[in-house]
Every structure is written in C-alpha cells, then in structure tokens.
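Structural features, examined
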Amino acid sequence: MVISGGTLVGGQALISKYTGGITNDALLETGAANAGKKDIKGPLTILLVGIDPRKPTTPPLSDSILIAHIPKDMSTAYLFSIPRDSYVEIAADEKSGVRAHHNKINAAMALGSQVNGKIDVVNGFKVLSKTITNYTGIKEFDAAAIINFGGFKNIVEALGGVSMVIDMDVKSEHLTPEGKQRPRLARCPVRSDCPHPYTGPQAYYKKSSKPVRLEPWQALDYVRQRYEFKGGPKMTDYDRQRHQQQFIKAMAKEAMSADVITNVPKMTKILDAAGESLTFAGGGNSPIEWAVALKGLNVDDMATIKIPGGGKFEPGTNKYLGEQFTDPALADGFFEAVKKDQVAEFLLTNPTLVNKNG
C-alpha cells in the first residue's frame, strides 16, 4: 500500500487512519523514542508484551513477554520468551512509587501502571521494559508493542485462522470441543478456590507432524494452555511459551501471504481488528512502514528459542519464589549474542536452544 503511492484505497490517508489509534511512541523510553524518525535497518530488537486484562480498571499483568531479534541483513528473526514467573529485581519507578524489590516479572507492569489511583499502561510498560533491560542487559528496543489478547482474537478471525504444527497432545482447561466456555464446578465459584474449576468435555488438540489449520478460537485456546491434567499430557509454562512463539510465527506467515497482502478488503479488516487490540511504538515509523521494511524477512526460516529454566525456592523454607535460568552462563551468553548481533553464530555452538518444531 505504501509503495503504491496512493493507488490502493487512498495511500497515505489509509496509513494515517490505521496508525493514529495504534501508535504510541511513549512506550519507548530510550533513545529510539527520542531520536526522531529514521530508516528501519537491522539489527533490530523488538519487545512484544501480551496482556489479558479483565477490566480497564484492573492493573495489567504481562502474561506473555516475547523478544524478537532481527539481524543486520533482515533476512530472518529469532523469537525468545522471558518466563512470566521469572524471579527478578523489579525496577524502581518514581512515578508509580514502585521500589526496587524482587518479585515475579509479570508484576512489573501491573505495579508500574498504578499511578495516582489510575491505570497508566504506558508507565507500567516502561517499568517492565526497564526491568527486562536490567535482567538481560539488552539496553534498547527499536520497537515495542502491547497486545491485548482479549481483543487479539479479532485479528486471527480477520486472517481466517492460522496453520500450526501441534507438537504435543493438549487438552483445554477452558473450552468445550465446540469452543464454548466449560461450565464451572459448583464448589469452585471463583478461580482461586481450586486449581481446575471447570467440568465437562474439553477441546482437544492432537499432536501432528504437519501444520494443522486452526480456527481462531482454537489457536488462541491452544496457546493459552499450561496445566497438567490427570491422565493427560504433562505441561509447563515453558510449553506455553513455545506455543506462543510458534503462534506468532504462524501469524506472521499468514499475514505476509499473497492472499492477504494483495487483498485490500481483507487487509482493511485486519487493520480494523488491530486497532482494537494493539498499541505499537516504532520510533517514529508507523506499523505499516515497519511491515514494508520487513517484507523480505523469511518467515519459514524464523527460529524460536528456548532458554532452559526451572523453579527457584527460598532457602530454608523451600517456598516457591518463581522461575530462574538453570544455566545462567548460557542465558547470559545468548543475551550477549543478541546485543552483538551474533545470534546465528551462538546457536551454531548451542543448537539445543532452537525449538525443533519452531
């Protein structure tokens, strides 16, 4: 659309319509936000945060934290996650009154968003971003996005679904085989009363060797799952992180396919949906300009990364505190490779970090 110079549905007018409500460069607190508009050139590092707020007045928890690194030649991308339960030092913040302290990382955004009795999502994002910087050493993000998973389903519906390899048998905690909410047990009126408060038939995703076409509700349900079921598959939040990475890759592949980018009504529908569920910071460049800059990215070659982790427990009491990297030196080495744009070289010597079904 950008390259067409206005021949498709209004050109610049279209760009203005679909970026004004999505873009908020205030998310980028560092140099990328203040340097003004510049050419989009690699290497690039992008922070993606998924939230699922129940109400606008509820402090948002960062349920999904993903980072995409794109090398200098902009030929591919590397996706990796920061576990939501990572036990880290939350960055201090004067505006929200947050003091530096150790907690699970998904608390950073919620705490930072509570400013003078109101919810300030942008400030919460800044506290999370600073916490991630302190934790990983990645000093600056070139772009950032907040994805509201509550409204994200609309984007997947606009795409018409996605195709993914189901890498393990998964039962749904939340939905029936028809995609309806499972009924709640009478003895579990609220979620905290029991670990599995629902009853009745469950949606089931069978392991596959080839990509399976998932309806929008199926794709989002599949990537939400992280519980172990009696007699079912043993799942962890690390499995859910992998599935989220695979989902982002599948969406990118779908969005960049010929029947989407050449279909103006379908693209318009996708952008309409994005306006309801996405906040994007591109350092002065619009989401469409970023899409054009990344048009040469080989989505099939995109790698999803797993950094080994496990539980951290309080000495003496054995109280669970959160998650930690089981090999801190390996994690630090990977983050250093991201900073130096040497991820490909690092993965050649550490191939187990690459998800086989990524």
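Keep in mind that this is a model prediction, so the values were computed, not measured.

1. Notes on unusual backbone geometry
The amide bond that connects G42 to the next residue, P43, takes the cis arrangement and shows omega of 0°. As for its placement among the helices and strands, P43 is situated in the loop between α2 (31-34) and β1 (44-51). In the Ramachandran plot, N318 falls in the positive-phi region, its phi being about 60° despite a non-glycine side chain. You can see N318 is positioned in the loop between β15 (309-313) and β16 (320-325). We classify N318 as exposed; its relative accessible area is 57%.

2. A short note on the nonpolar core
Counting 48 residues, the largest nonpolar core has I70, V162, M164, F247, M251 and W290 as the members making the most contacts within it. Non-local contacts of V162, meaning those with residues more than four positions away in its chain, are made with V156, V212, R213, L214, A219, F247, A250, M251 and E254. Listed in part, the 40 residues of the second largest apolar core include L28, L128, I146 and F346.

3. Focus: the pairing of strand β3 (residues 78-81)
Burial along β3 is two-sided: the face carrying Y78 and F80 and the face carrying L79 and S81 are both buried. Of the pairings in the sheet, the one linking strand β2 (residues 62-70) to β3 comprises 4 bridges and is antiparallel in character. Bridge pairing in β3 links I67 to F80. Where β3 lies against strand β14 (residues 303-305), 3 bridges are found, and the strand directions are parallel. Counted as the bridge partner of F80 is I305 from β14.

4. So, the pattern of salt bridges
According to the stated counting rule, one finds 11 salt bridges in the structure shown. With a shortest N-O distance of 3.6 Å, R84 and D85 are connected by a salt bridge. Assessed through its relative accessible area of 12%, D85 is described here as buried. We note a salt bridge from D237 to R240, for which the minimum N-O separation is 3.0 Å. Here D237 and its partner R240 are both found in helix α7 (residues 237-255), 3 residues apart, which amounts to about one turn of the helix. R240 carries the same exposure label as D237, and that label is buried. When salt bridges that share partners are traced, they join D63, R84 and D85 into one network.

5. Notes on helix α11 (residues 328-339)
The terminal C-alpha atoms of α11 lie 16 Å apart, and with 12 residues this matches the ideal 16 Å at 1.5 Å per residue to within 8%. Phi turns positive, to about 55°, at D341, one or two residues after α11.

6. Examining the environment of E215
Along the chain, E215 falls in the loop between β12 (212-214) and α6 (216-224). Distance from E215 to S163, taken between C-alpha atoms, is 8.9 Å for residues 52 residues apart in sequence.

7. Quick notes on the packing of aromatic side chains
A full pass over the atoms with the stated rule returns 9 aromatic pairs. Centroid distance F80 to F334: 4.9 Å. Interplanar angle 90°. Geometry classified as edge-to-face. Of this pair, F80 sits in strand β3 while F334 sits in helix α11; the two residues are 254 residues apart in sequence, bridging distant segments of the chain. One exposure class covers both F80 and F334, and it is buried. An aromatic cluster is present here, built from F80, Y135, F325, F334, F335 and F346 joined pairwise through their rings.

Conventions and cut-offs
- Residues numbered from 1 in each chain as written.
- Predicted model: local features only at pLDDT ≥ 70, side-chain atom pairs only at ≥ 80, totals over all residues.
- Heavy atoms only, no water.
- Helix = DSSP H or I, 4+ residues; strand = E, 2+ residues; numbered from the N terminus.
- Buried < 20%, exposed > 50% of the residue type's maximum accessible area, 1.4 Å probe, protein only.
- Core = buried A, V, L, I, M, F, W, Y, C linked by side-chain atoms within 4.5 Å.
- Contact = heavy atoms within 4.5 Å.
- Pairing = 2+ DSSP bridges.
- Salt bridge = Lys/Arg side-chain N within 4 Å of Asp/Glu carboxyl O.
- Expected span 1.5 Å × (residues − 1).
- Phe/Tyr/Trp six-rings, centres within 6.5 Å; stacked < 30°, edge-to-face > 60°.

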